[in-house]
Amino acid sequence: QQQVKQSPQSLIVQKGGISIINCAYENTAFDYFPWYQQFPGKGPALLIAIRPDVSEKKEGRFTISFNKSAKQFSLHIMDSQPGDSATYFCAASKRHAGGTSYGKLTFGQGTILTVHP
Amino acid sequence: DAGVTQSPTHLIKTRGQQVTLRCSPKSGHDTVSWYQQALGQGPQFIFQYYEEEERQRGNFPDRFSGHQFPNYSSELNVNALLLGDSALYLCASRSHRARGQPQHFGDGTRLSIL
């Protein structure tokens, strides 16, 4: 019940195109859904995050779409650029019992995005 | 303003040995979490420390232990190393009081077991 499933495993997009990565979760207690970007040799860096009280959040070229009833959320990268080539992870978290702090992040398996110039 | 720093960046050990990895959280952060990232996989949560106590633990054996110091820095200790412990070990920090504030990750320690 703690799993987060991510697809596709890899994605190739032409410069200027739209990259779409999908995630599905099982635990309905999750209430924080971040996306992370990771370059080789680096740690994950937060891109954008959403809570289940909204269906969409946009920050620049990055948009999260959230479907609470389907327990699915997706990342859309508009006008994809070669510099966006990286591994993307979706994740989910919930309030730690007894407090307001969010602790454990449960990650998807990752999507390797390649943007061709 | 320094982010999360981890040391060492790379480490090579042999089976059966013990290892200690170190993490300094981002300035202003008091909560530290550790993750294990195997090659080609997403990070897996090991445990989280706040106020020098382990607050949450993932599905890792007791060979994995940790510590948090009064200055909020943290150590991850792994005993009786196995080949399967080869991975990138990531430290993440956040502020306990700031609701919704994201976790900031360091660049990790690459541990190789021979």
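For the structure, check the block above.
Only a predicted model underlies this, so the values are computations on that prediction, with no experimental measurement involved.

Calculation criteria
Think of each chain on its own: its residues are numbered from 1, step by step along the sequence as written. Each chain takes a letter, starting from A, and each ligand takes a number, starting from 1, following the order in which they are written. Confidence filtering applies because this is a predicted model: local features only for residues at pLDDT of at least 70, side-chain atom pairs given and counted only at 80 or more, and all residues used for totals across whole chains, interfaces and linings. The basis for every side-chain value is the complete set of heavy atoms in the structure, and neither hydrogens nor water enter the calculation. Helix numbers and strand numbers start at the N terminus; a helix is a DSSP run of H or I with at least 4 residues, a strand a run of E with at least 2. Summary of the burial criterion: residues with accessible area below 20% of their type's maximum are buried, those above 50% are exposed, and those between are partly exposed, where the area comes from a 1.4 Å probe applied to protein chains only. Whether two residues touch is decided by their heavy atoms; if any such pair falls within 4.5 Å, the residues are in contact. Buriedness for pockets is judged along seven lines, at least five of which must meet protein on both sides within 12 Å for an open set on the 1 Å grid over protein atoms alone, while cavities are sets there where a 1.4 Å probe fits but cannot get out, and lining residues have an atom within 4 Å of a point. Grid points are joined across faces, edges and corners, and a volume is the space filled by probe spheres set on the points. Gly counts as polar in this scheme, as do all residues outside two lists: the nonpolar Ala, Val, Leu, Ile, Met, Phe, Trp, Tyr, Cys and Pro, and the charged Asp, Glu, Lys and Arg. We call a set of buried Ala, Val, Leu, Ile, Met, Phe, Trp, Tyr and Cys residues a nonpolar core when their side-chain atoms join them within 4.5 Å. At least two DSSP bridges between two strands are required for those strands to pair. To define axes, lines are fitted to C-alpha atoms, for helices over the stretch in contact only, and angles between the resulting N-to-C directions are given on a 0 to 180 degree scale.

**Quick word on the side chain of A:Gln37**
Residue and element names in this part refer to chain A.
Right, on to step 1. Positionally, Gln37 belongs in strand 4 (residues 33–38).
Right, on to step 2. Under the relative-accessibility criterion, Gln37 is labelled buried at 13%.
Right, on to step 3. When residues no more than four places from it in sequence are discounted, the contact partners of Gln37 are Gly43, Pro44, Ala45, Leu47, Asp84, Ala86, Thr87 and Tyr88.

**Focus on the side chain of A:Asp84**
Right, on to step 1. Structurally, the position occupied by A:Asp84 is in the loop between strand 8 (72–77) and strand 9 (86–92).
Right, on to step 2. Beyond its immediate chain neighbours, meaning those up to four positions away, A:Asp84 contacts A:Gln37, A:Arg61, A:Phe62, A:Ile77, A:Asp79, A:Leu113 and A:Val115.

**Focus: the layout of surface pockets**
Empty space among the atoms becomes apparent when a probe as large as a water molecule is rolled across them.
Right, on to step 1. Of the voids in this model, the largest pocket is the one considered here, and its volume is about 560 Å³.
Right, on to step 2. Contributing to the lining of the largest pocket are 25 residues, with A:Gln38, B:Gln37, B:Leu39, B:Gly40 and B:Arg110 lying nearest its centre.
Right, on to step 3. Taken together, the elements giving at least two residues each to the lining of the largest pocket come down to strand 9 and strand 11 (111–116) of chain A.
Right, on to step 4. When the residues that make up the lining of the largest pocket are grouped by side-chain class, the tally is seven nonpolar, 15 polar and three charged.
Right, on to step 5. There is about 300 Å³ of room inside the second largest pocket.
Right, on to step 6. Lining the second largest pocket are 17 residues, with A:Thr106, A:Phe107, B:Pro43, B:Gln44 and B:Phe45 positioned closest to its centre.
Right, on to step 7. Broken down by secondary-structure element, the contributors of at least two residues to the lining of the second largest pocket are strand 10 (106–107) of chain A together with strand 5 (44–50) of chain B.
Right, on to step 8. For the lining of the second largest pocket, a count of residues per class yields six nonpolar, 10 polar and one charged.

**Describing the nonpolar core**
Right, on to step 1. Among the nonpolar cores identified, the biggest contains 24 residues, and A:Phe33, A:Trp35, A:Phe73, A:Leu75 and A:Tyr88 are the most heavily contacted of them.
Right, on to step 2. The element that contributes the greatest number of residues to this core is strand 9 of chain A, accounting for four residues.
Right, on to step 3. What A:Phe33 contacts, discounting residues up to four positions off in sequence, is A:Tyr25, A:Ile48, A:Ala49, A:Ile50, A:Pro52, A:Ile64, A:Phe66, A:Phe73, A:Ala91 and A:Ala92.
Right, on to step 4. If you look at the next biggest cluster of nonpolar residues, it comprises 20 residues, including B:Cys23, B:Phe47, B:Tyr49 and B:Leu81.

**Overview of the sheet that holds strand 7 (residues 64–68) of chain B**
Residue and element names in this part refer to chain B.
Right, on to step 1. Strand order in the open sheet made by the four strands is 1-3-8-7, with antiparallel pairing throughout. If you trace the sheet from one side to the other, it starts and ends with strand 1 (5–7) and strand 7, each paired once. Adjacent strand axes in the sheet meet at a mean angle of 20° when their direction is disregarded.
Right, on to step 2. Relative to strand 8 (residues 74–78), strand 7 is paired through five bridges, and the arrangement is antiparallel. Across the sheet, Gln68 pairs through a bridge with Ser74, a residue of strand 8.

Shape is all these values report; function is a separate question.
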